[in-house]
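Each chain is listed here by its residues.
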Amino acid sequence: MSGEIPKDEGLDKTLSVLKEGYEFILNRKEDLNTDVFETRILGEKTICLTGSEGAELFYDNDRFRRSDAAPRRVEKTLFGEGGVQGLDGAEHHHRKAMFMTLMDDDSMMEIDRLMRKYWRRYFEAAGSLETIELYEAAKIVILRTACEWTGVPLREEEIEERARQISDLFESPAALGVQHWKGRISRSKANEWMEEVIEDVRKEKISVDEDRAVFAFSRARDEKGELLDKKTAAVEMLNLIRPMTAVSVWVAMIGLAMHEFPREKEKLKRTEHYKIEWFIQEVRRYYPFFPFAVARTDADFKWKGYEFKEGTLTLLDLYGTNRHPADWIRPEEFMPERFRGWQQTPFNFIPQGGGSYDFGHRCAGEFITIVMMKATVDFLVNEMDYDVPEQDFGFEFNDIPAVPNDKVKINNYRFQ
Ligand code: HEM
């Protein structure tokens, strides 16, 4: 059997992507009743895949590559140029190992401890009468955590500016106009900052422990034994600090979930039969964050009878896969307990990408993310009390990343 991939008829759909955002692929999956379809985006033929079977195909390294896949505007802001995201084969595996060796139990324990320490410090410093935005507060708390864990010096007086620069990187890639250009300027400044840090570590102008990421990255070599150039080492350092800071988006969604589902929040209070982990997994499944992963076909091949041509841009729907009815019962409902005894595969739950951590492009920081989210929930529920003032909790599905409009305000906080 061979056949044409179902088509999303009409002209270029770039505007629809901007308008529909996270739901672009999901909407067409439903209209066309298919997990694979062809469309046109940015003037180019593009295949869209959704669901765990689509994900399994997408993460087959013999059929898809990353070089020449990510749009330039994303490289110029979010990813940076020359980073691990755009590498393939042995070069990718070698570079990815540089990240994965950091992800051990000691790191997880340290990150958990730092998150709790800096959350407490943030609220102690803020004063109990101030109304704070959880999203903005999380950026500061996490940036401190990230810099301390990686060994990057961060002076008290530069924290706010650095937090702004780093968040411009993940708030701008899908934006148009001014916001996008802000992202590009912040990318230059952040690169400059990190290149200077790498240089200082190399010249021993600043001393860092040998087990810190900044020490390892400043001495890292490529698979041919060449020292990584300063620019690339800096981009990779930012590939730790930027996405860690971006966990602030999920902190905002934790705040939203507690507001939308107060019964679930109640269950978080030191109950033995309910796990914080189920709650944060459901937050990662239910709310949108990273819309699609991008690759290019690296061969002509057939899948399920459909013909794929080499060099075709391909999007994998991360948001929709986490709600695919083949893998999720009542996907539209927020039900943390669905994670009790749940069977994970590399492809059925992919808010941070799927496949293999070591040989594929699955997010290097997935465990760190979970640790940061758990520490945050435990802190907010079991160490603090606070009020939630009247506000706009709405968010837009075409705002990437989506964050509640008032950034989740809280006030009258007191420690338990
Ligand atoms: C804020 C929550 C996060 C989200 C939503 C997220 C999402 C993702 C996604 C979707 C990918 C790409 C998957 C693909 O292309 O197939 C990715 C890759 C990556 N993430 Fe994350 N991530 C997060 C947190 C983190 C953290 C905390 C770190 C580091 C400490 C991190 C480091 C990376 C790296 C280095 C890659 C590139 C992996 C590769 O290309 O092999 N991420 N992430």
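The rules we used
- Residues numbered from 1 in each chain as written.
- Predicted model: local features only at pLDDT ≥ 70, side-chain atom pairs only at ≥ 80, totals over all residues.
- Heavy atoms only, no water.
- 1 Å grid on protein atoms, 1.4 Å probe; cavity = no way out; pocket = protein on both sides within 12 Å on 5 of 7 lines; lining within 4 Å.
- Points joined across faces, edges and corners; volume = space filled by probe spheres on them.
- Nonpolar A, V, L, I, M, F, W, Y, C, P; charged D, E, K, R; others polar.
- Salt bridge = Lys/Arg side-chain N within 4 Å of Asp/Glu carboxyl O.
- Buried < 20%, exposed > 50% of the residue type's maximum accessible area, 1.4 Å probe, protein only.
- Donors = N, O, S within 2.8 Å, 3.2 Å for Na, K, Ca; no water.
- Helix = DSSP H or I, 4+ residues; strand = E, 2+ residues; numbered from the N terminus.
- Near = heavy atom within 4 Å.
- Polar contact = N/O pair within 3.5 Å; in protein donor to acceptor, adjacent residues only side chain to side chain.
- Core = buried A, V, L, I, M, F, W, Y, C linked by side-chain atoms within 4.5 Å.
- Contact = heavy atoms within 4.5 Å.
- Expected span 1.5 Å × (residues − 1).
- Pairing = 2+ DSSP bridges.
- Axes fitted to C-alpha atoms, helices over the stretch in contact; angles between N-to-C directions.
- Left-handed = near helix turned anticlockwise from the far one by under 90°.

With that out of the way, let us pick up the layout of surface pockets. Unoccupied space between atoms shows up once a probe the size of one water molecule is rolled over them. By volume, the second largest pocket amounts to about 430 Å³. Residues that form the lining of the second largest pocket fall into these classes: 9 nonpolar, 2 polar and 11 charged.

Quick look at the pattern of salt bridges now. Inspection of every chain in the model, using the stated rule, returns 44 salt bridges. The shortest N-O distance in the salt bridge between Arg-28 and Glu-20 comes to 2.8 Å. Judged on exposure class, the residue Arg-28 and its partner Glu-20 are both buried. Overlapping salt bridges, with partners in common, bring together Asp-112, Arg-116, Arg-120, Asp-378 and Glu-383 in one network.

The protein gives the iron atom of the ligand a lone donor atom, Cys-363 (SG), placed 2.3 Å from the metal. Topologically, Cys-363 is positioned in the loop between helix H14 (318-321) and helix H15 (366-382).

Before going further, it helps to examine the site of the ligand. Around the ligand sit 28 residues in total, of which Tyr-59, Arg-66, His-92, His-361 and Cys-363 are the nearest. Between the ligand and His-92 there is a distance of 2.7 Å, counted from an oxygen atom to a side-chain nitrogen or oxygen. Lys-96 places a polar side-chain atom, nitrogen or oxygen, 2.9 Å from an oxygen atom of the ligand. Of the residues forming the shell around the ligand, the biggest block, 7 residues, is contributed by helix H11 (residues 230-260).

With that settled, consider the nonpolar core. The biggest cluster of nonpolar side chains holds 103 residues, and the ones touching the most others in it are Trp-119, Met-237, Phe-279 and Val-283. The element best represented in this core is H11, accounting for 18 residues. With near-sequence residues (within four places) excluded, Phe-279 lies in contact with Ile-254, Ala-257, Met-258, Glu-264, Leu-268, Tyr-274, Phe-334, Pro-336 and Val-377. In terms of nonpolar packing, the next biggest core, distinct from the first, is built from 18 residues, Val-36, Ile-47, Phe-308 and Phe-347 among them.

For helix H6 (residues 105-126), which comprises 22 residues, the first-to-last C-alpha distance of 32 Å matches the rise-based estimate of 32 Å (1.5 Å per residue) to within 8%. Those residues of H6 that fall on the buried side of the exposure criterion are Ser-107, Met-108, Glu-110, Ile-111, Leu-114, Met-115, Tyr-118, Trp-119, Phe-123 and Ala-126. Elements in contact with the buried residues of H6: strand S4 (132-133), helix H7 (134-150), H11, H15, strand S9 (384-387) and strand S10 (409-415).

This part covers the sheet that holds strand S2 (residues 44-49). The mixed open sheet is built from 5 strands, whose spatial order is S1-S2-S8-S5-S3. At either margin of the open sheet sits one strand with a lone partner, and together these are strand S1 (36-41) and strand S3 (64-65). Judged from the 6 bridges that link them, S1 and S2 form a sheet pairing that is antiparallel. What sits directly across from Ile-41, in S2, is Glu-44. Relative to the sheet, helix H2 (residues 24-32) contacts S1, S2, strand S5 (292-297) and strand S8 (313-317), its axis offset from that of S1 by approximately 130°.

Turning our eyes to something else, we now look at the sheet that holds S9. With antiparallel pairing, the 3 strands of this open sheet are ordered in space as S4-S10-S9. Edge strands, defined here as strands with exactly one partner in the open sheet, are S4 and S9. Summarising the sheet, S4 and S10 pair through 2 bridges and their orientation is antiparallel. Bridge pairing in S10 links Glu-133 to Lys-409. Across the sheet, H6 touches S4, S9 and S10, and the angle it forms with S10 is around 100°.

Right, let's get into empty space enclosed by the protein. Under the definition given, this model contains 1 cavity of 30 Å³ or more. The calculated volume of the largest cavity comes to roughly 50 Å³. Lining the largest cavity we find Trp-250, Arg-284, Arg-285, Tyr-287, Pro-288, Phe-289, Phe-290, Leu-318, Tyr-319, Asn-322 and Pro-351. Mapped by element, the contributors of at least two residues to the lining of the largest cavity are helix H13 (276-286) and H14. Residues belonging to the lining of the largest cavity are distributed by class as follows: 8 nonpolar, 1 polar and 2 charged.

The N-to-C vectors of H7 and H11 enclose an angle of 150°; their axes lie 8 Å apart at closest approach. For the element pair H7 and H11, the recorded crossing hand is right-handed. When H7 is examined against H11, the residues Leu-134, Tyr-135, Ala-138, Lys-139, Ile-142, Leu-143, Ala-146, Cys-147, Trp-149 and Thr-150 are found in contact with a partner set consisting of Met-237, Leu-240, Ile-241, Met-244, Thr-245, Val-247, Ser-248, Val-249, Val-251, Ala-252 and Gly-255.

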